[in-house]
Amino acid sequence: MRSRVLLWAVVMLSLAVASWGQAQSTPSSPPKLSEKDKRVIALFEQALSLQRAGKAKEAIATYQELLKVQPNTPMARFNLGELYLSQGDARSAEVQFREVVKAMPQVPEGYLRLATALLCGALYAMFRFSKLGIAMQASSQNQLAAYYMGIPVKRLSSLVWAIAAAVAALAG
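Residues numbered from 1 in each chain as written. Predicted model: local features only at pLDDT ≥ 70, side-chain atom pairs only at ≥ 80, totals over all residues. Heavy atoms only, no water.

Participant: I tried to follow the packing of aromatic side chains on my own but got confused; where do I start?
Facilitator: Two aromatic rings are characterised by how far apart their centres lie and by the angle between their planes. Following the criterion strictly, the structure yields four aromatic pairs and no others. With a centroid separation of 6.1 Å and 65° between ring planes, the pair formed by Phe44 and Tyr63 is classed as edge-to-face. Of this pair, Phe44 sits in helix H2 (residues 35-52) while Tyr63 is found in helix H3 (residues 56-69), placing the two residues 19 residues apart along the sequence. According to the relative accessible area criterion, Phe44 is partly exposed, its value standing at 21%. Both rings, one in Phe78 and one in Phe97, keep their centres 5.7 Å apart while their planes meet at 65°; by these two values the pair is edge-to-face. Here Phe78 is found in helix H4 (residues 74-87), whereas its partner Phe97 is found in helix H5 (residues 90-103), with 19 residues between them in sequence. (Phe/Tyr/Trp six-rings, centres within 6.5 Å; stacked < 30°, edge-to-face > 60°. Helix = DSSP H or I, 4+ residues; strand = E, 2+ residues; numbered from the N terminus. Buried < 20%, exposed > 50% of the residue type's maximum accessible area, 1.4 Å probe, protein only.)

In structure tokens, the structure reads:
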């Protein structure tokens, strides 16, 4: 009986050692990259360095070139959307962030940036095209003239602070 238990223990130990040795073996070599992959990596690194250097227009052009070579690059689309937002182009940013959300629905950052782009677009449209936005602009430029034109300046001032608080609450 003892010999069977001992034999079983030796067999199990040898199997464990053999499988551990296979799990610990190093891979033979990294996978080979195609020329297209090398070009995509080079373009991404170039665009990222341009973005960090503050050269937004050059970085945008490089990201666009990268997306022509490899359209399914969510990180490039994310960075491109960020650049568009920094340039004040909420519509183009929205397009890029929608693609990021499509490609990576499990990543919440894409949804947050999409919401940011939509909020920027909505605020821009409100200030540019609505009577309320135009009244806010008028009261910010000259309160006395806005008051004489019949704009309720105090009420608008309160509304501006409420909008600012709402945007700050959404931003976290």
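Past the structure itself, the notes keep going.
Participant: Sorry if this is basic, but what is going on with the packing of H4 against H5 here?
Facilitator: The relative placement of two packed helices comes down to the angle between their axes together with the axis-to-axis distance. Where H4 contacts H5, the axes come no closer than 8 Å and their chain directions differ by 155°. Between H4 and H5, the crossing angle belongs to the class labelled roughly antiparallel. Taken as a pair, H4 and H5 cross one another with a handedness that is left-handed. Mapping the contact onto sequence places Pro74, Arg77, Phe78, Leu80, Gly81, Glu82, Tyr84 and Leu85 in H4 and Ala90, Ser92, Ala93, Gln96, Phe97, Glu99, Val100 and Ala103 in H5. Its residues assigned to classes, the contact of H4 with H5 comprises 10 nonpolar, three polar and three charged. (Axes fitted to C-alpha atoms, helices over the stretch in contact; angles between N-to-C directions. Parallel < 35°, antiparallel > 145°, perpendicular 65-115°, else oblique. Left-handed = near helix turned anticlockwise from the far one by under 90°. Contact = heavy atoms within 4.5 Å. Nonpolar A, V, L, I, M, F, W, Y, C, P; charged D, E, K, R; others polar.)

Participant: Can you walk me through the pattern of salt bridges in this structure?
Facilitator: Side chains that differ in sign of charge can pair as their charged atoms come close. Evaluated as defined, the whole model comprises six salt bridges. Arg39 serves as the salt-bridge partner of Glu65, at 2.6 Å between the closest nitrogen and oxygen. Highlighted residues: Glu65 in helix H3 and Arg39 in helix H2, separated in sequence by 26 residues. A residue is classified by how much of its surface remains accessible, and Arg39, at 40% relative accessible area, is partly exposed. In this structure, a network of salt bridges that share partners links the residues Glu82, Glu109 and Arg113. (Salt bridge = Lys/Arg side-chain N within 4 Å of Asp/Glu carboxyl O.)

Participant: What is the right way to read H2 from this model?
Facilitator: Quick reminder: α-helices carry 3.6 residues per turn. Residues three or four places apart thus point the same way. With 18 residues, H2 ought to run about 26 Å at 1.5 Å a step, and its terminal C-alpha atoms sit 26 Å apart, in line with that. Listing the buried residues of H2 in full gives Val40, Leu43, Ala47 and Leu50. For H2, the angular spread of buried residues about the axis comes to 95°, placing them on one side. The exposed set on the far side of H2, more than 90 degrees from its buried face, consists of Glu45 and Arg52. Where H2 is buried, its residues touch H3. Gly54 sits one or two positions beyond H2 and adopts a positive phi of about 85°. (Expected span 1.5 Å × (residues − 1). Arc of directions from axis to C-beta.)

Participant: What should I look at first to understand the environment of Ala90 in this one?
Facilitator: Mapped onto the elements, Ala90 comes out in helix H5. Its relative accessible area of 15% is what places Ala90 among the buried residues. Dropping the residues within four chain positions of it, Ala90 is found in contact with Leu85, Ala117, Cys120 and Gly121.

Participant: Just checking my understanding: could you explain the nonpolar core for this structure?
Facilitator: Within soluble globular proteins, side chains that are nonpolar generally end up buried alongside one another. If you look at the biggest cluster of nonpolar residues, it comprises 21 residues, and the most contacted ones within it are Tyr63, Leu66, Leu80, Leu83 and Phe97. Sorting the residues of this core by element identifies H2, H3, H4, H5 and helix H6 (108-129) as the ones contributing at least two each. The element that contributes the greatest number of residues to this core is H3, accounting for six residues. (Core = buried A, V, L, I, M, F, W, Y, C linked by side-chain atoms within 4.5 Å.)

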